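Chain and residue survey
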Amino acid sequence: MATRMFATADAEPSMRAIANEARVGIATLYRHFPTREALVDAVYRDQVSRLTAGARELLTQLDPPAALRRWMDLFGEWIATKNGMLDTLLAMIESGKIAHAHTRTELLDAIDDILAAGRTSGELRADVPAEDIAAALIGIFTVAGAPEREAMAGRLLDLLMDGLRPSARG
């Protein structure tokens, strides 16, 4: 519930609003998450874990280009969730409660897993590092991350995927 609220809220939702959405009392929410930071930390860690594990899982179900394209959608959902808890998250990163560098490494490793499979199969270019894809994704979701720009985000992600396929020129 909290993840969905963070992803769809215009501003950080209150703890009371999250409890109401989850249909639990505020005391129950505070018993599990004594502070807003504890809740944000749990949601953030869960989302990073799903995103990184999702890369490997997608590779068991799809070919590397399809897995990467689907993973890009998951990355966009993760970005949307972060936007709904941005103030708290930034304060936690600044205070050292969340290790941003560790998250970055985990995400780059997930992208690298998919790229390596695509390089092996010959379906993805061998000259594009994970850092470039991460930067492109951040740019796309900065420009087209709002729900009303979902179609634009999809087109931009498809354009990025076209650029990641080996050219016929060989």
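Residues numbered from 1 in each chain as written. Predicted model: local features only at pLDDT ≥ 70, side-chain atom pairs only at ≥ 80, totals over all residues. Heavy atoms only, no water.

Despite not being glycine, Arg 23 has its phi angle at roughly 60 degrees, a positive value. Within the secondary structure layout, Arg 23 lies in the loop between helix H2 (15-22) and helix H3 (26-32). Exposure remark for Arg 23: the relative accessible area of 77% places this residue in the exposed category. (Helix = DSSP H or I, 4+ residues; strand = E, 2+ residues; numbered from the N terminus. Buried < 20%, exposed > 50% of the residue type's maximum accessible area, 1.4 Å probe, protein only.)

All right, on to a negative patch on the surface then. Together, Asp 109, Asp 112, Glu 131 and Asp 132 make up a region of like negative charge exposed at the surface. Secondary-structure elements contributing two or more residues to the negative patch are helix H7 (100-121) and helix H8 (130-144). Tracing the sequence through the fold places Asp 112 in helix H7. (Patch = residues over 30% accessible without salt bridge, like charges linked within 9 Å, V, L, I, M, F, W, Y side chains within 5 Å. Areas by Shrake-Rupley, 256 points an atom, 1.4 Å probe, with all protein chains shown as cover. Salt bridge = Lys/Arg side-chain N within 4 Å of Asp/Glu carboxyl O. Lys, Arg positive; Asp, Glu negative; His and termini not counted. Charge placed at Lys NZ, Arg CZ, Asp CG, Glu CD.)

It is at 11 Å that the axes of helix H5 (residues 64-83) and helix H9 (residues 150-164) come closest, and there the two elements cross at 145 degrees. In terms of crossing hand, the pair formed by H5 and H9 is right-handed. Contact residues: H5 offers Pro 65, Leu 68, Arg 69, Met 72 and Asp 73, while H9 offers Gly 154, Leu 157, Asp 158, Leu 160, Met 161 and Leu 164. Per-class residue counts for the contact of H5 with H9 are seven nonpolar, one polar and three charged. (Axes fitted to C-alpha atoms, helices over the stretch in contact; angles between N-to-C directions. Left-handed = near helix turned anticlockwise from the far one by under 90°. Contact = heavy atoms within 4.5 Å. Nonpolar A, V, L, I, M, F, W, Y, C, P; charged D, E, K, R; others polar.)

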